[in-house]
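# An overview of the molecular structure
Listed below are the residues making up each chain.
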Amino acid sequence: MMAEDIQHNQKANFNGLTKSAKSGASKKLTIKNFKDRPELTDSYTEDTWIKLRDAVSAIQNSTSIKYNLEELYQAVENLCSYKVSPVLYKQLRQVCEDHIQAQIHQFREYPSSVMGHFLSFLKRMNRCWQDHCSQTIMIRSIFLFLDRTYILQNSLLPSIWDTGLELFRTHIVSDGAVQSRTVEGILEQIERERNGETVDRSLLRSLLGMLSDLQVYKDSFEQRFLTETNRLYAAEGQRLMQERDVRSFLPNSHTDALHMLEKQLLGEHMNAILQKGLWMLLDENRVCELTLLYELLSKVKGGLMTLLQAWRDYIKSFGGEIVSSPEKDKELVQELLDFKDKMDHVTQRCFQRNDNFINAMKEAFENFINKRPNKPAELIAKYVDSKLRAGNKEATEEELERILDKIMIIFRFIHGKDVFEAFYKKDLAKRLLVGKSASVDAEKSMLSKLKHECGAAFTSKLEGMFKDMELSKDIMIQFKQNQSDPSNIELTVNILTMGYWPSYTPMDVHLPAEMVKLQEVFKIFYLGKHSGRKLQWQPTLGHAVLKTEFKEGKKELQVSLFQTLVLLMFNESDEYSVEEIRTATGIEDGELKRTLQSLACGKARVLNKMPRGKDVEDADRFHFNSDFTHKLFRIKINQIQMKETVEEQVSTTERVFQDRQYQIDAALVRIMKMRKTLSHNLLVSELYNQLKFPVKPADLKKRIESLIDRDYMERDKENPNQYHYVA
């Protein structure tokens, strides 16, 4: 049973934030007023698209844009807010495709008989590629809202940048004649350099990067290049053998060949090597090959930095798949722990514990684990519960401690730690109240780790829960010592401070007279020692041990309070209907049916249900099963647990969001009270510095509007992006 301390039943009002509105009509500012968003009409949509199309066309043709970029960005946001994102995306793609298709003609019609035509062709191709990249970046900056909302939420759609790569690959580089001339030109320039001529290396680097970015390097260029390289070394070896004797050939050739090999086989192919094989090596945990790859790339200029980026990309991709698959939520935390162990092993064994690689791994984990807000935090809390609950498979305390340490490493990466706290607190309450903790030492060890990681404020309520349990034991000792009229019922009460524990929905049930009397005796005793407090009993958390007689003999049944109320009815009669039980006990319908199901349809069937079946219906009748047998003397009858529904999960998350709103409001008032006047951008910037959880700009705007409505701050009359504190 649960009791609340009325002294803790007051909501924090963060510096008087709940003050009443000042006299006079308060100014109501809606989101529409704030953003000055126009109404959606066919004419507005068409005019806006024409404006955006003209801007894209100006970018593609390298002419000046007639409109302000911020205005164009806002136009895209307006269209997306009016749910026309699919049409906008389709139109943008079509405009880009039309422009790129028009570029192919300059390459198809390029003369092949002109002296030095390969070099001029390559320069034109490179200029076209560079222009395309810069244009795509500019276009994406205008359509950034579309890219980060509609496109990001549709996994089958490529981003605006990827769309640009796809269109360039499809319409330019994949053209047979254009691709052939590009590859021939690059090989010609490489051969010229090998022959001692000076070539434009930056041009070659850019074009090879283009082939790699467009994912055609391997199929279009690599094999041709290796064939030419093989031919070169065969000829060079033949020449050296003819010109030198063996004594001078071996050492000189070894050094020269080694440097040349490192440059040609590694330096020129780093991206291709990593793109082709790194992910496979990591997937298959090929320690020897990964070690060799690290050692080889460390000899090449820029090799380790290239490997570092590919390593970071792999972690983000692989981890992102783990986190973004709801159907695998049950295994998510264990998969994250296994993945982290695997990556730690690679950094230690293969990458020589390089700090840069360790830091890159941490950054990548933090990046992908927060791509799916809140859910990983919830699942980590549930995973901890499964390990700290009695009956888990971890045999020793040392093993349990090791697992908790690993969980804390993953915990550090999540941003929504308040979500973790909400679910962790709910599960901890169940373990403490039902006596289901595997180990008190393990519980306190986990609490100590959380306190060390997040500070005392994070764990104060959790520590309060343990304190309540310890104080309750002392109170019960005093109660039993002062009990002048012993009862047949042995009562144990846990006194729970409301502010520490999860909120429970009160439920009124009809208790037997002897229980009510005992409750009243305890209430008088407790309030006599703690005046000014209020007790609120929580029957949903109660449980009891009943002494029962069957034909087989006496048994003890360990049951919930609801199961107790139902079973006690059969002292008066052998049979009841569902409606009669509901009326007598006052238990809510859904809870009653689960209770009857546990008593008549589970493993320990102390009641018989007519007609038989797994589900309880309103027309069913129940009678006491005097023929019940069991090998144990004390039998625990588990309540049919209603699986945590989506609604319950949402409810817990919503409580977290509600708490976040209070924290945002409090931070806003603190900042404005100190600064008096601030611009919108500076206010938002300071908020992000103070808040410890992720929050969207739109949510901040809503809280600002709320405080303006309640006269805590006001907009400047001349500058709507400036705010003043209202004292």
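What comes next is a walk through the structure.

Cut-off values and rules
- Residues numbered from 1 in each chain as written.
- Predicted model: local features only at pLDDT ≥ 70, side-chain atom pairs only at ≥ 80, totals over all residues.
- Heavy atoms only, no water.
- Helix = DSSP H or I, 4+ residues; strand = E, 2+ residues; numbered from the N terminus.
- Buried < 20%, exposed > 50% of the residue type's maximum accessible area, 1.4 Å probe, protein only.
- Contact = heavy atoms within 4.5 Å.
- Phe/Tyr/Trp six-rings, centres within 6.5 Å; stacked < 30°, edge-to-face > 60°.
- Lys NZ or Arg CZ within 6 Å of the ring centre and 35° of its normal.
- Pairing = 2+ DSSP bridges.
- Axes fitted to C-alpha atoms, helices over the stretch in contact; angles between N-to-C directions.
- Parallel < 35°, antiparallel > 145°, perpendicular 65-115°, else oblique.
- Left-handed = near helix turned anticlockwise from the far one by under 90°.
- Nonpolar A, V, L, I, M, F, W, Y, C, P; charged D, E, K, R; others polar.
- 1 Å grid on protein atoms, 1.4 Å probe; cavity = no way out; pocket = protein on both sides within 12 Å on 5 of 7 lines; lining within 4 Å.
- Points joined across faces, edges and corners; volume = space filled by probe spheres on them.
- Polar contact = N/O pair within 3.5 Å; in protein donor to acceptor, adjacent residues only side chain to side chain.
- Core = buried A, V, L, I, M, F, W, Y, C linked by side-chain atoms within 4.5 Å.

On a plain count of helices and strands, the protein chain comes out with 29 helices and 11 strands. When the 727 residues of the protein chain are sorted by exposure, 44% land in the buried category. Taking as baseline every contact in the protein chain between residues at least 6 positions apart, the subset at least 24 positions apart corresponds to 71%.

Summed over all chains, the structure comprises 29 aromatic pairs. Judged by centre distance (6.5 Å) and plane angle (55°), the rings of Phe 339 and Phe 368 are tilted. Of this pair, Phe 339 sits in helix α16 (residues 332-349) while Phe 368 is found in helix α17 (residues 355-369), placing the two residues 29 residues apart along the sequence. Side by side, Phe 339 and Phe 368 carry an identical accessibility label, which is buried. One aromatic cluster in this structure is built from Trp 279, Tyr 314, Phe 318, Phe 339, Phe 365, Phe 368 and Phe 413. The ring centre of Tyr 67 lies 5.5 Å from the NZ or CZ of Lys 51, which sits over that ring.

In spatial order, the strands read β3-β4-β8; together these 3 strands make up an open sheet with mixed pairing. Single-partner strands in this sheet number two, and they are β3 (543-550) and β8 (634-636). Recorded for the sheet is a direction-independent mean angle of 25° between the axes of neighbouring strands. As judged from the 8 bridges shared by β3 and strand β4 (residues 553-560), these two strands associate in the antiparallel manner. The partner of Glu 549 across the bridge, within β4, is Lys 554.

Looking now at the packing of helix α19 (residues 397-413) against helix α21 (residues 440-454). When two helices pack together, their arrangement is given by the angle between the helix axes and the distance between those axes. At their nearest, the axes of α19 and α21 sit 11 Å apart, and the two run at 25° to each other. Put simply, α19 runs roughly parallel to α21. In the crossing of α19 with α21, the sense of the turn from one axis to the other is right-handed. Along the contact surface, α19 presents Leu 400, Glu 401, Leu 404, Asp 405, Met 408, Phe 411 and Arg 412, while α21 presents Ala 442, Ser 445, Met 446, Lys 449, Leu 450, Glu 453 and Cys 454. In terms of residue class, the contact of α19 with α21 is made up of 8 nonpolar, 1 polar and 5 charged.

Geometrically, the link from Met 610 to Pro 611 is a cis peptide bond, its omega value of -5° lying close to zero. In this structure, Pro 611 sits in the loop between β6 (607-610) and β7 (621-624). The phi dihedral of Asp 711 falls on the positive side, at around 65°, and the residue is not glycine. Mapped onto the elements of the fold, Asp 711 is located in the loop between α29 (697-709) and β10 (713-715).

Let's shift gears to empty space enclosed by the protein. For the structure on display, the rule yields 1 cavity of 30 Å³ or more. In this structure, the largest cavity encloses a volume near 180 Å³. Around the largest cavity sit 15 residues that line it, and Cys 96, Thr 136, Ile 139, Gly 164 and Leu 167 are the ones nearest its centre. For the lining of the largest cavity, the secondary-structure elements that each account for two or more residues are α4 (85-103), α6 (117-142) and α8 (160-173). With 6 residues, α4 is the single largest residue contributor to the lining of the largest cavity. Looking at the lining of the largest cavity residue by residue, the classes come out as 7 nonpolar, 7 polar and 1 charged.

The next thing to look at is the side chain of His 171. Structurally, the position occupied by His 171 is in helix α8. Under the relative-accessibility criterion, His 171 is labelled buried at 17%. In terms of polar contacts, His 171 uses its side chain to reach the side chain of Glu 97, at 2.9 Å.

Turn by turn, an α-helix covers 3.6 residues, leaving residues three or four places apart pointing in a common direction. Most of helix α24 (residues 561-569) is tucked away: 8 of the 9 residues are buried. If you check which residues of α24 are buried, you get Leu 561, Phe 562, Gln 563, Thr 564, Leu 565, Val 566, Leu 567 and Met 569.

Pairing within the open sheet is antiparallel, and its 3 strands lie in the order β5-β7-β6. The outermost strands of the open sheet, each flanked by one partner alone, are β5 (575-577) and β6. Each strand of the sheet is rotated relative to its neighbour by a mean of 25°, with strand direction disregarded. With 3 bridges connecting them, β5 and β7 associate as antiparallel partners. Considered in β7, the bridge of Glu 575 is made with His 623.

Below, the discussion takes up the nonpolar core. Trp 311, Ile 315, Phe 420 and Tyr 424 are the most contacted members of the largest nonpolar core, which totals 73 residues. In terms of residue count, helix α20 (residues 417-434) provides more of this core than any other element does, 9 residues in total. Dropping the residues within four chain positions of it, Trp 311 is found in contact with Leu 278, Leu 282, Met 343, Val 346, Thr 347, Phe 351, Phe 357, Ala 360 and Met 361. Core analysis: the next-biggest nonpolar cluster, separate from the first, contains 57 residues, Cys 96, Phe 121, Met 125 and Leu 211 among them.

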